[in-house]
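What the coordinates show
So the chains spell out like this:
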Amino acid sequence: MSDLSSKSFATRAVHAGERTPPADYRPVSTPIWPSVGYLYESMDDLDAVFAGERPGYVYSRYSGPTVAAFQQAVASLEAAPAAQAYASGMAALHAALLAGGARQGASIVAALDLYGATYSLLTGLLSTLGVQTHLVDVGDLAAVEAAVQETKPQLVLVETISNPLLKVADVPRLAEIAHRSEALLLVDNTFASPYLYNPLSAGADYVIHSATKYLAGHGDVLAGVVVTSEENQRRLFELNKLIGASLGPFEAWLALRGLKTLPLRMRRQCQNAAQVAAWLHSQPRIARVNYPGLPDHPQHALAASLFAGGGFGGMLSFEIAEAGKAEVYRFMEALQLCLPATTLGDIYTLVLHPATSSHRSLSPAERQRAGITDNLVRLSAGIEAVEDILADLEQALDQV
Ligand code: PLP
């Protein structure tokens, strides 16, 4: 910027102090770059950035340095060639479905047990746009194979660990089944996080995260991300220029900061969840516990082989014996440490009633088909001392 000293007060108020050229230092941690636009030495340079012939940024709906740093970090943790960030997990899922071929006349084979909004996106919005979804129990690989061969889908969609029933998907085998029929495998890896598992390395084509959860980890930012090949990422990038579900730089900065402690948080959360699951399993007032780390979980051996000793995740769900919605609500209101909040993957221990929150949009019949009962509680283990979590659960159960 030219010398401002001769300019008027109003002009100096706008331009003074701005666009100082970078000096020979670099900040240790990534700054927040909120600028919407970027300047270059010449218009030819800007033109070359627009054309993708040189690196750089032109407009923050496309990308920016803080968002790019977050993408680079997630790609590294997912052992992925590239990542594309979004304003939420649902935006990431939507983009991956579109990039993967969800359009009029297309079909998708999806897990029966999925996050409620994912289920509604498939069976509601996408179905009205002419995309047909066939739901299958992904624990039954023969049924998946039959559905894929019969319906020739563009995409197969599963969650590594399902929400809210904690079923574990055999990602390597599902990738084989999908690819044999020229379908792509899209995996929602939100519950497992890259700490436990990298689905792309096992053959998945697109992996999505609600980064709101374990990646960011502190319950203070909404974000999503897709990890995939460089070619697919370019497709996502071009799509997002038109859709505009971009992650903001402030959110990217928070998510990037959260990511740094993912291994520390996940280690503790896996330990806490395992102890809570074992304790609940021993309680006569608990009818059933869903946790992949319990030896009686139907995919315990699969989870042990996929997650290779890293633990079995920080999520679990359980059914309170002889309870309905009223008793579950009483239990949740009696909790004093665990928080009845509608999210997961935080440092806080959180509980949720799937039937009336995450899976509220399903009809009672759809919930019954998926196995989501009124006495089911989902618990996301935080990083508190486990004895305090157990004591809180015990005193609340005493009040049911
Ligand atoms: N996928 C899973 C497994 C989820 O649990 C959620 C949200 O709870 C989402 C996707 C959607 O993420 P977001 O709320 O960030 O849009």
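What counts, and where the lines are drawn
Residues numbered from 1 in each chain as written. Predicted model: local features only at pLDDT ≥ 70, side-chain atom pairs only at ≥ 80, totals over all residues. Heavy atoms only, no water. Helix = DSSP H or I, 4+ residues; strand = E, 2+ residues; numbered from the N terminus. Areas by Shrake-Rupley, 256 points an atom, 1.4 Å probe, with all protein chains shown as cover. Buried < 20%, exposed > 50% of the residue type's maximum accessible area, 1.4 Å probe, protein only. Contact = heavy atoms within 4.5 Å. Salt bridge = Lys/Arg side-chain N within 4 Å of Asp/Glu carboxyl O. Phe/Tyr/Trp six-rings, centres within 6.5 Å; stacked < 30°, edge-to-face > 60°. Lys NZ or Arg CZ within 6 Å of the ring centre and 35° of its normal. Near = heavy atom within 4 Å. Polar contact = N/O pair within 3.5 Å; in protein donor to acceptor, adjacent residues only side chain to side chain. Nonpolar A, V, L, I, M, F, W, Y, C, P; charged D, E, K, R; others polar. Domains from an automatic or database assignment. Buried area = accessible area lost by both parts, 1.4 Å probe. Pairing = 2+ DSSP bridges. Right-handed = clockwise from strand over helix to strand, strands pointing away. Axes fitted to C-alpha atoms, helices over the stretch in contact; angles between N-to-C directions. Parallel < 35°, antiparallel > 145°, perpendicular 65-115°, else oblique. Left-handed = near helix turned anticlockwise from the far one by under 90°.

So, the overall build of the protein
Assigned secondary structure in the protein consists of 15 helices and 11 strands. The C-alpha extent of the protein, read off along each of the three principal axes, is 80 × 50 × 35 Å. Carbon and sulfur atoms provide 53% of the accessible area of the protein, an area that totals close to 18,100 Å².

Structural notes on helix H10 (residues 249-259)
Listing the buried residues of H10 in full gives Pro 249, Ala 252, Ala 255, Leu 256, Gly 258 and Leu 259. Here the buried face of H10 lies against helix H3 (65-77) and helix H11 (262-281).

Details of the pattern of salt bridges
Tallied over the full model, the rule gives 5 salt bridges. Linking Arg 235 and Glu 231 is a salt bridge whose minimum nitrogen-to-oxygen distance equals 3.6 Å. On the criterion of helical spacing, the pair formed by Arg 235 and Glu 231 is a turn pair, its members being 4 residues apart in helix H9 (residues 230-243). Measuring nitrogen to oxygen at the nearest pair gives 3.2 Å for the salt bridge that ties Lys 241 to Glu 238. A residue pair is termed a helical-turn pair when its members lie 3 or 4 positions apart in one helix, as Lys 241 and Glu 238 do in helix H9 at 3 residues.

Regarding the packing of aromatic side chains
Evaluation of the coordinates by the stated rule reveals 5 aromatic pairs. Considering the side-chain rings of Tyr 38 and Tyr 57, the 5.7 Å spacing of their centres and the 50° angle between planes classify their relative orientation as tilted. In this pair, Tyr 38 is assigned in the loop between helix H1 (9-15) and helix H2 (43-50) and Tyr 57 in the loop between H2 and H3, connecting sequence segments 19 residues apart. Given the relative accessible area of 15%, Tyr 38 is considered buried. Ring plane angle 65° and centroid distance 6.0 Å describe the contact between Tyr 197 and Phe 307, whose orientation is recorded as edge-to-face. Highlighted residues: Tyr 197 in the loop between helix H8 (193-196) and strand S6 (206-210) and Phe 307 in helix H12 (residues 300-307), separated in sequence by 110 residues. For Tyr 197, a relative accessible area of 8% puts it in the buried group. In textbook terms, an aromatic cluster arises when at least three aromatic residues are bridged by ring pairs, as seen for Tyr 59, Tyr 62 and Phe 237. Sitting above the plane of the Tyr 62 ring, Lys 241 keeps its charged end 5.0 Å from the centroid.

Some details on the site of the ligand
Near the ligand, the surroundings consist of 14 residues, among which Met 90, Asp 188, Ser 210, Thr 212 and Lys 213 are the closest. Between the ligand and Asn 163, the relevant distance is 3.0 Å, taken from an oxygen atom to a side-chain nitrogen or oxygen of the residue. Here Lys 213 contributes a side-chain N or O atom positioned 2.9 Å from an oxygen atom of the ligand. Here the ligand has 390 Å² of accessible area as a free molecule, and 91% of this is covered by the chains. Of the residues in the shell around the ligand, the class split is 5 nonpolar, 6 polar and 3 charged.

Some words on the domain arrangement of the protein
Each assigned domain of the protein is listed with its residue range as follows: domain 1 (43-259) and domain 2 (262-397). Using only C-alpha atoms to locate each centre, domain 1 and domain 2 end up separated by 25 Å. Of the residues lining the interface, 39 residues belong to domain 1; the matching set on domain 2 comes to 42 residues. Taken together, the two surfaces of domain 1 and domain 2 that pack against each other cover about 3,200 Å², and 65% of this comes from carbon and sulfur. Linking domain 1 with domain 2 are 0 salt bridges. Our count for the domain 1 to domain 2 interface comes out at 16 residue pairs in polar contact (both at pLDDT 80 or more). Those elements that place two or more of their residues in the side of domain 1 that touches domain 2 are helix H5 (116-128), helix H7 (171-180), H8 and H10.

Notes on the pairing of strand S3 (residues 132-136)
Consecutive residues of a regular strand have side chains that alternate between opposite faces of the sheet. Taken together, the 5 bridges between strand S2 (residues 107-111) and S3 define a ladder with parallel strand orientation. Pairing of Ala 111 across the sheet is with Val 136, part of S3. For the crossover from S2 across H5 to S3, the handedness is right-handed.

Points about the packing of helix H6 (residues 141-151) against H7
Across the interface, H6 lies against H7 with an axial gap of 9 Å and an inter-helix angle of 20°. In terms of orientation, H6 lies roughly parallel with respect to H7. Handedness of the H6/H7 crossing: right-handed. Residue-level inspection shows Leu 141, Val 144, Glu 145 and Val 148 of H6 in contact with H7, the latter providing Arg 173, Leu 174, Ile 177 and Arg 180. Grouping the amino acids of the contact of H6 with H7 by side-chain chemistry returns 5 nonpolar, no polar and 3 charged.

As for the sheet that holds strand S8 (residues 286-290)
Spatial ordering of the open sheet is given by S8-S9-S11-S10, a layout of 4 strands whose pairing is antiparallel. Each edge of the sheet is formed by a strand with only one pairing partner; in this case those strands are S8 and strand S10 (350-352). Taken over all neighbouring pairs, the strand axes of this sheet differ in orientation by 25° on average, direction set aside. Across the sheet, H11 touches S8, strand S9 (315-320) and strand S11 (376-380), and the angle it forms with S9 is around 15°.

Quick notes on the side chain of Thr 356
In this fold, Thr 356 is placed in the loop between S10 and helix H14 (364-370). In this structure Thr 356 comes out as buried when scored by relative accessible area, which is 19%. In terms of polar contacts, Thr 356 uses its side chain to reach the side chain of His 353, at 2.7 Å. Those residues in contact with Thr 356 that sit more than four places away from it in its chain are Lys 325 and Tyr 329.

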